[in-house]
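# Close look at the chain arrangement
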Amino acid sequence: MERGSPRILVRDSGFQDDDWRGEFIQWSGEGDRSALPHGVALDVENTVPAEDIVPLFGRIALIRIAFPSHMDGRGFSLARYLRLLGYRGRLRASGCFLADQYAMARRSGFDEVEIDPTLAERQPEEQWLFRANWRTHDYRERLGRRL
Amino acid sequence: MYRYDSFDREFVRNRVAQFRQQVERRIDGSLTEEEFKPLRLMNGLYLQLHAYMLRVAIPYGTLDSRQMRQLARIAERWDKGYGHFTTRQNVQFNWPRLKDVPDILDALADVEMHAIQTSGNCVRNVTADHFAGAAADEIADPRPTAELLRQWSTDHPEFAFLPRKFKIAVSGSPVDRAVTRAHDIGIRIVRNGAGEIGYEVSVGGGLGRTPVIGTVIRDFLPEGDLLPYVESILQVYNAIGRRDNKFKARIKITVGEHGIEAFRQRVEERFRIQRRAFEGADRARFEDIRTMFAAPAYIEAPTGAFDAALARDPAFRSFVDTNLHPHRNPDYAIVTVSLKAHGATPGDATAEQMRVIADLAERYGHDEIRISHEQNCILPHVHRRDVPAVHAALREANLATANVGLASDIIACPGMDYCNLATARSIPIAQGIATRVKERGDERQVGDLKIKISGCVNACGHHHVGHIGILGLDRAGAENYQITLGGDGTETAALGERTGPGFASDDVVPAVDRLIDTYLELRSDEDEAFLATYRRVGMQPFKAALYPDAALATGG
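Residues numbered from 1 in each chain as written. Chains lettered and ligands numbered in written order. Predicted model: local features only at pLDDT ≥ 70, side-chain atom pairs only at ≥ 80, totals over all residues.

## Structural notes on the overall build of chain A
The helix and strand tally for chain A stands at 6 helices and 7 strands. Along chain A, helices (α) and strands (β) appear in the sequence β-β-β-β-α-β-α-β-α-β-α-α-α when read from the amino end. In terms of overall dimensions, chain A is globule-like: its C-alpha atoms have a radius of gyration of 15 Å, near the 15 Å expected for 147 residues. In terms of overall dimensions, chain A has C-alpha extents of about 45 × 40 × 25 Å along its principal axes. When the 147 residues of chain A are sorted by exposure, 36% land in the buried category. (Helix = DSSP H or I, 4+ residues; strand = E, 2+ residues; numbered from the N terminus. Rg over C-alpha atoms; globule rule 2.2 N^0.38 Å. Buried ≥ 20, exposed ≤ 12 C-beta atoms within 10 Å, placed from the backbone.)

Dropping the structure here:
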C-alpha cells in the first residue's frame, strides 16, 4: 500500500495532519524483537496474531494496522484483542476505509484513522464528523462490555 | 414481547438518518456503487433481478398486530400490495424505489421494526423456534436469548465486515423446530444433570453449495457465558475465516479445514480473555428482557365450544388435525395459519391477509403473531373456545388451508421469478406440486412430508433438509431439477441424498407423484411417515420408481 505523505489523520475533531514524526517499522511477527528500539511505531498486517505483539507492548508507541480493503474487517478484531491483552499505546487504522466505518474503528479500540488525500477528497471531513459521536447508540456499552 | 426503550428507539432512528445520508451520498457520487453496496446491504437493501428488494427483520419471528398492520400499509403504499415471508423469519418487499427506502425504514421504526443486518457479511437476524413461549415441550423460551444476541450483534463494530454472512438460531425445546444444526451457530437450551439451564452450542452448520450439519463445540455452556463465548467464536472466525474465495468463506469451511478440535481450542483461548470484558450488566439486561417475555394473562374459561365444533364440522376437524399444536396451557392451542393455499406462492401474504391475521391476533390471540421459517404465520396463544371463530374468520379470508406439515406445505425460495442469484424457478414448481397433491386427494393419508425447493445452490429453500428436496439448476440454458431424499432439519438432522440425474421442469411434478406412490406402497403402516420409511428401506426403491428405464437397463 502507498504510504506517501501527506497523510491525513481522522480523529473525533475531524481532519488533521499527522503529528507522528518518527519512522514506521514493518513488522511481520518474526525476527529479533530485542532489536526494536523503544518508542517505535510498528506497521502490521491484519493477519499478525495479537499474542505475538504482547512481548513488545512496553516498547511500542504506536501500532498502525493495515486495511487492505474496506470489506476486510480483520483489523477491527485485531485492534480490540490488542486492547483486551493490555495494549495502551496509540492505535491507528490505515488504508481502504469508509467514513461509515469510523465509529467501528473507534469502538474497536483505534484512536485514529489514516487516509490518503484522494480518499479525503471523495469522502470529505463532514462525512467523517457525522460518525464522530461513536460513543452514543452503542449496544455493547449498554451490555456493560469493557473494551 | 420485547418493547423498545429510548435506547432502541434512538438507535433505530439514528440508523435511518445515517442511511438517508448514505443514499444521498450515493446519488451525489461521493460513494461509489462498490462502496455503497455494503452499506445498503447492512440495511437490508438488495438489488434484485427487476428492482431493489427490501428485507425487513422479524426478530425471532415475533410480532404484534400493530406491526403486522404496518407491514400491510408498507406493502400498499410503497410496494405492490403484498409481502413475502422468508425462511429466515424476514419479510421481503420486492418492488421498493431507492428514494422511498428511507421513508419505509422510518415507517418501520414507528412500530419498533427495522431492516438492519438482514443482509451483508455480518451477524444476520437471529431466528428462533416459531412456537417459542407457547410450546408444551419447551424447556425455556428461546426469545430472551435471541433478543440478547440481537442487541449484542446489532452494529457490532468488529463483525460488520466478516468473511461472509453469519446466521444464528436458538431453540428452547428438545424438538428442534429452528433448524439450529443448519446455522453458523446453533444454540439449543438444555438442562444439565444438576437441573441448571444452559446452552448446547453447535458451530459450522449451513446449507448452500456445501451443506454441513453443525458440530457441537460446547455441550453445556452456562447461561451467563453466552455473549463472551459467541463473541469468541466470531473473533476466531473473523481472524482465520477465508477471504480468498467467496465460496469457501463460511465458518463451516473454516471449521472443516482447521478441524473442530483446533477450532475449539482457539475459541476457548479467546474465551478466557473475552470473559473478563463482560462484567455482569449483560446478565442484568438479560433478566430485564426475560420479564418482557412473560406469559400472557391466560383466560380461564370452558372449552366446550371447541369440542362442539369438532363433533359438528369435518372441515374444522381437518384444520385441527394439521394446523393446531399443543400449548403449554392445556386450555390453549397454537394455531398455524398456512400461507400455502394449493397453487399459491409459498410465503406470500397480501396486505388484506396481513390485516385479517392482525385482527385475529388482537381479538383472540393475546396480540401475538409468529412467522415460521416454514413461511407460515402463527397465532401462538388461542384459547380453545375461540378456535372455531378463528377458523371461520380464516375461511372467509381464504386462509384456512388445512395442510400444515403435509405435502403441499412447501418451502420455496423466490427463485428466478425474483432473485438474481437463481438458476431456475422455484415458485411454479411448488405451485405445480401443491396442485397435483390436491388432485390426488390423499394428502392427509400421506401425512407428514416436508418438500423444500431451492432455485439455486445457495439453498434458501432448505432443500438439503427436506424429506424431498428439489434443487433447480441451469443446464445449458434449460432448467433442470435435482431431487434429494431423506433430509431432516430437526434434532435428528441429516442431509438429503441425491437420487440421480435431474429432471426437466415438466417432469418434476410426475417425479414427486411417483415418490409419493412408492412411499404409500412401502410404508409398514399408516403411522410410518415418509422419512421413517425412507430410513428403513433406503434409496433403492425410490430410485427405481424415479428412473424406471435405468432400473431395467442396469438392474437398479
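Still more ground to cover, so stick around.
## Notes on the domain arrangement of chain B
Residues and elements named next belong to chain B. For chain B, the domain assignment lists domain 1 (6–110), domain 2 (134–291), domain 3 (304–396) and domain 4 (414–554). Of the residues lining the interface, 5 residues belong to domain 2; the matching set on domain 3 comes to 7 residues. For the side of domain 2 that touches domain 3, the residue count by class is 4 nonpolar, no polar and 1 charged. (Domains from an automatic or database assignment. Contact = placed C-beta atoms within 7 Å. Nonpolar A, V, L, I, M, F, W, Y, C, P; charged D, E, K, R; others polar.)

## Re the nonpolar core
All names here are of chain B. In this structure, Ile233, Val335, Ile357, Leu379 and Leu515 are the most contacted members of the largest nonpolar core, which totals 187 residues. Looking at which element gives the most residues to this core, the answer is helix 6 (residues 226–240), with 9 residues. Those residues within four positions of isoleucine 357 in sequence are excluded, and the remaining contacts are Met68, Val337, Ile369 and Cys377. (Core = buried A, V, L, I, M, F, W, Y, C linked by C-beta atoms within 7 Å.)

## Some points on unusual backbone geometry
All names here are of chain B. We note that aspartate 155 has phi near 60°; this positive angle belongs to a residue other than glycine. Its location among the elements puts aspartate 155 in the loop between helix 5 (143–153) and strand 7 (168–171). With a phi close to 65°, alanine 459 is a non-glycine residue in the positive phi region. Mapped onto the fold, alanine 459 is located in the loop between strand 17 (451–454) and strand 18 (468–475). For alanine 459, a count of 23 C-beta atoms within 10 Å gives the class buried.

## Brief notes about the interface of chain B and chain A
The interface is formed by 34 residues belonging to chain B together with 27 residues belonging to chain A. At the level of secondary structure, the elements contributing two or more residues to the side of chain B that touches chain A comprise helix 1 (6–28), helix 2 (33–42), helix 5, helix 6 and helix 9 (281–292) of chain B. Here the element with the most residues in the side of chain B that touches chain A is helix 1 of chain B; it accounts for 7 residues. Here the side of chain B that touches chain A is composed, by residue class, of 16 nonpolar, 9 polar and 9 charged.

## Section: the packing of helix 2 (residues 74–84) of chain A against helix 6 of chain B
Running from amino to carboxyl end, helix 2 of chain A crosses helix 6 of chain B at an angle of 125°, the nearest separation of the two axes being 8 Å. The orientation of helix 2 of chain A with respect to helix 6 of chain B, classified from their angle, is oblique. Here helix 2 of chain A runs over helix 6 of chain B; the crossing is left-handed. Contacts from Arg74(A), Ser77(A) and Tyr81(A) in helix 2 of chain A reach Gln235(B), Asn238(B) and Ala239(B) in helix 6 of chain B. Tallied by class, the residues present in the contact of helix 2 of chain A with helix 6 of chain B amount to 2 nonpolar, 3 polar and 1 charged. (Axes fitted to C-alpha atoms, helices over the stretch in contact; angles between N-to-C directions. Parallel < 35°, antiparallel > 145°, perpendicular 65-115°, else oblique. Left-handed = near helix turned anticlockwise from the far one by under 90°.)

## A closer look at the sheet that holds strand 6 (residues 127–128) of chain B
Residues and elements named next belong to chain B. Spatial strand order, 6-7-8-9-10: 5 strands in an open sheet with mixed pairing. Of all strands in the sheet, those bounded by a partner on one side alone are strand 6 and strand 10 (215–222). Relative to strand 8 (residues 185–191), strand 7 is paired through 4 bridges, and the arrangement is parallel. Bridging across to strand 8, valine 170 finds its partner in isoleucine 187. (Pairing = 2+ DSSP bridges.)

## Some points on the packing of helix 12 (residues 351–364) of chain B against helix 13 (residues 387–396) of chain B
Residue and element names in this part refer to chain B. Following both chains from N to C, one finds helix 12 and helix 13 inclined at 165°, their axes separated by 11 Å at the closest point. On the basis of the axis angle, helix 12 is roughly antiparallel to helix 13. Of the two elements, helix 12 crosses helix 13, and the hand of that crossing is right-handed. Together, Val356, Leu360 and Tyr364 of helix 12 and Ala389, Val390 and Ala393 of helix 13 make up the contact between the two elements. Considered class by class, the residues forming the contact of helix 12 with helix 13 number 6 nonpolar, no polar and no charged.

## Regarding the pairing of strand 18 of chain B
All names here are of chain B. Judged from the 4 bridges that link them, strand 17 and strand 18 form a sheet pairing that is parallel. Each bridged residue has a counterpart across the sheet, and for lysine 452 the counterpart in strand 18 is glycine 469. Sheet analysis places strand 18 next to strand 19 (residues 478–485), joined by 8 bridges and oriented antiparallel. Counted as the bridge partner of isoleucine 470 is isoleucine 483 from strand 19. Linking strand 18 back to strand 19 in an antiparallel pair, the connection comprises 2 residues, with alanine 476 at a positive phi of about 50°.

## Let's talk about the environment of Val44(A)
Residues and elements named next belong to chain A. Of note, valine 44 is situated in strand 4 (residues 40–44). Judged by C-beta crowding, with 22 C-beta atoms within 10 Å, valine 44 ranks as buried. For the pair valine 44 and valine 54, spaced 10 residues apart in sequence, the C-alpha to C-alpha distance is 13 Å. Filtering out sequence-adjacent residues up to four positions away, valine 44 remains in contact with Trp27, Ile63 and Ile65.

## Here's the deal with helix 17 (residues 530–537) of chain B
Residue and element names in this part refer to chain B. Every buried residue of helix 17 is accounted for by Phe530, Leu531, Thr533 and Tyr534. Considered in projection along helix 17, the buried side chains sweep an arc of 160° and stay on one side of the axis. Immediately beyond the C-terminal end of helix 17, within one or two residues, lies glycine 538, with a positive phi of roughly 80°. (Arc of directions from axis to C-beta.)

## Things to note about the sheet that holds strand 15 (residues 377–383) of chain B
Residue and element names in this part refer to chain B. In space, the 5 strands of this open sheet follow the order 3-14-15-12-11, with antiparallel pairing throughout. If you trace the sheet from one side to the other, it starts and ends with strand 3 (62–63) and strand 11 (324–326), each paired once. Taken together, the 5 bridges between strand 12 (residues 332–337) and strand 15 define a ladder with antiparallel strand orientation. Its bridge partner being in strand 15, valine 337 is matched across the sheet by cysteine 377.

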